[in-house]
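Read off the chains here:
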Amino acid sequence: MAKVLVTGGAGFIGSHIVDRLCARSHEVHVLDDLSSGAQRNLAAGVPLHKLDMRSDEARKIVTELKPDFIVHAAAQVSVRVSMDQPALDTDLNVTGLVNILTPLRGRKGTHVVFLSSGGAVYGEQECFPAPEGHTVRPESVYGLSKRVGEMYLEFWSRVWGVTSTALRLSNVYGPRQNPHGEAGVVAIFCERLLAGKSIAVNGTGMQTRDFVYVEDVAEAVGRAVDTRSVGEFNIGTAQETTVMELAERLRDLACPTAEVQSAPAKAGEQMRSCIDNSKAKKVLGWAPTMEFAKGLAHTLEWYRTAAR
């Protein structure tokens with residue numbers, strides 16, 4: 001059993017990670033300011049430190065807890081927000097990470113699992129699916145901040161012996177995603193369709209995404225903690241789905257009479273995104289297990305229940 005601090009642990013992805021780590025009998029603590037997460041996402045008994053990750057108090061908690069692992073899930077995750085407010089994105093995603101890392105300079109042996117981004121780090125891809133060695137050319141400030149985070153982790157490892165795993169996640173979907181604040185197109189579509197409203201597809205709708213189920217992501221984090229594997233790993237399905245196909249699938253499941261409308265393309269949005277997961281399979285022993293249609297049905301049912 002290890003002591004693990006999960007930043008952003010009351011959020012969408014973070015809370016599933018907390019559940020998975022608790023199931024592995026780890027001692028799990030959560031640091032979250034609840035700006036997008038919610039305490040109801042946490043199982044009873046999980047300690048919550050309600051703090052901004054950029055604060056002095058957050059740094060003190062890391063010092064006092066002396067965790068064996070830090071899973072850094074806290075982040076500003078919206079590509080659109082990052083393009084509209086680049087200083088905010090950099091403050092949260094870079095300054096916040098550095099603040100959490102700072103106390104670890106004297107704790108050689110701590111391992112950090114960092115939630116990075118597969119699609120946003122690579123930018124417009126030259127091959128599909130993209131391996132970890134693909135050219136890094138972010139198209140958004142969000143993708144840039146995630147790549148900078150990876151570079152800070154490499155520096156902390158080289159200079160202070162703090163090892164790390166960077167999990168480059170594709171587009172994560174599933175229960176608990178906030179349709180109002182976490183930029184998840186599946187969550188947004190589910191909420192609107194269940195209310196009998198139309199949904200909007202930006203641009204042509206032919207842009208593709210690699211959708212990975214949140215519980216598969218939580219398992220990848222568990223494997224990273226188990227193995228302490230160092231480096232960058234793509235966590236995705238290596239399969240492309242167009243946003244229009246996603247919209248039509250969910251419409252047919254939730255509200256067949258709903259209209260799928262067109263909306264202008266958004267700045268920083270990639271046309272195609274799909275990542276190769278063969279390295280994660282080989283090194284972490286991880287592979288996605290949730291079939292996409294089943295995952296969408298599970299997610300939709302969760303939102304249907306949550307709305308009651």
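The structure under discussion appears in the preceding block.
Overview of the structure. Quantities reported herein were computed from a predicted structural model and do not represent experimental measurements.

Val 186, Ala 187, Phe 189, Cys 190 and Leu 193 are the residues of helix H7 (residues 185-194) that are buried. The buried residues of H7 occupy an angular sector of 165° when projected down its axis, which confines them to one face. Considering only its buried residues, H7 is in contact with strand S7 (171-173), strand S8 (199-202), strand S10 (211-213), helix H9 (243-254) and helix H11 (292-306). Two residues or fewer after H7 comes Gly 196, characterised by a positive phi angle close to 75°.

Okay, the packing of H7 against H9 next. At their nearest, the axes of H7 and H9 sit 10 Å apart, and the two run at 35° to each other. You can see that H7 and H9 cross each other, and the crossing is right-handed. Listed contacts from H9 to Val 185, Val 186, Phe 189, Cys 190, Leu 193 and Leu 194 of H7 are Val 243, Leu 246, Ala 247, Leu 250, Arg 251 and Ala 254. Looking at the contact of H7 with H9 residue by residue, the classes come out as 11 nonpolar, no polar and 1 charged.

Structurally, Asp 216 is set in helix H8 (residues 214-227). Although Asp 216 lies buried, it forms no salt bridge, and the closest oppositely charged side chain, Arg 20, sits 6.5 Å away as judged by the N-O distance. When residues no more than four places from it in sequence are discounted, the contact partners of Asp 216 are Trp 286, Pro 288, Thr 289 and Met 290.

Our next topic: the sheet that holds strand S6 (residues 163-169). Reading across from one edge, S3-S2-S1-S4-S5-S6-S11 is the order of the 7 strands in this open sheet, with parallel pairing throughout. The sheet terminates laterally at strand S3 (48-49) and strand S11 (231-235), the two strands that pair on one side only. Where strand S2 (residues 27-31) meets S3, 2 bridges bridge the pair, whose relative direction is parallel. Looking at the pairing, Val 30 lines up with Leu 48 of S3.

With that settled, the discussion passes to the side chain of Asn 99. Here Asn 99 is to be found in helix H4 (residues 86-101). A polar atom in the side chain of Asn 99 sits 3.4 Å from the backbone oxygen of Arg 54. Those residues in contact with Asn 99 that lie beyond four places of it in its chain are Met 53, Arg 54, Ser 55, Ala 58 and Arg 59.

Attention now goes to the packing of aromatic side chains. Under the definition given, this model contains 9 aromatic pairs. Ring geometry for Tyr 152 versus Trp 156: centroids 6.2 Å apart, planes at 50°, classification tilted. Taken together, the positions of Tyr 152 and Trp 156, both in helix H6 (residues 141-160) and 4 residues apart, correspond to about one turn of that helix. Both rings, one in Tyr 173 and one in Phe 292, keep their centres 5.6 Å apart while their planes meet at 90°; by these two values the pair is edge-to-face. Here Tyr 173, found in strand S7, pairs with Phe 292, found in helix H11; they are 119 residues apart in sequence, far enough to count as distant. Accessibility classification places Tyr 173 together with Phe 292 in one group, the buried group.

Attention shifts here to the packing of H4 against H6. It is at 9 Å that the axes of H4 and H6 come closest, and there the two elements cross at 20°. Judged by the inter-axis angle, H4 sits roughly parallel to H6. The interaxial crossing formed by H4 with H6 has right-handed handedness. Touching Pro 86, Asp 89, Thr 90, Asn 93, Val 94, Leu 97, Val 98 and Leu 101 of H4 are Val 141, Tyr 142, Ser 145, Val 148, Gly 149, Tyr 152, Leu 153 and Trp 156, all from H6.

Turning next to the nonpolar core. One finds Ile 13, Ile 17, Leu 167 and Ile 235 to be the most contacted residues of the largest nonpolar core, which totals 34 residues. Excluding anything up to four places from it in sequence, Ile 13 contacts Leu 115, Leu 169, Val 172, Val 214 and Val 217. Counting 22 residues, the second-largest nonpolar core is a separate cluster that includes Met 53, Phe 114, Trp 156 and Val 162.

Criteria and cut-off values
Residues numbered from 1 in each chain as written. Predicted model: local features only at pLDDT ≥ 70, side-chain atom pairs only at ≥ 80, totals over all residues. Heavy atoms only, no water. Buried < 20%, exposed > 50% of the residue type's maximum accessible area, 1.4 Å probe, protein only. Helix = DSSP H or I, 4+ residues; strand = E, 2+ residues; numbered from the N terminus. Arc of directions from axis to C-beta. Contact = heavy atoms within 4.5 Å. Axes fitted to C-alpha atoms, helices over the stretch in contact; angles between N-to-C directions. Left-handed = near helix turned anticlockwise from the far one by under 90°. Nonpolar A, V, L, I, M, F, W, Y, C, P; charged D, E, K, R; others polar. Lys, Arg positive; Asp, Glu negative; His and termini not counted. Salt bridge = Lys/Arg side-chain N within 4 Å of Asp/Glu carboxyl O. Pairing = 2+ DSSP bridges. Polar contact = N/O pair within 3.5 Å; in protein donor to acceptor, adjacent residues only side chain to side chain. Phe/Tyr/Trp six-rings, centres within 6.5 Å; stacked < 30°, edge-to-face > 60°. Parallel < 35°, antiparallel > 145°, perpendicular 65-115°, else oblique. Core = buried A, V, L, I, M, F, W, Y, C linked by side-chain atoms within 4.5 Å.

The values are spatial; any link to function lies outside them.
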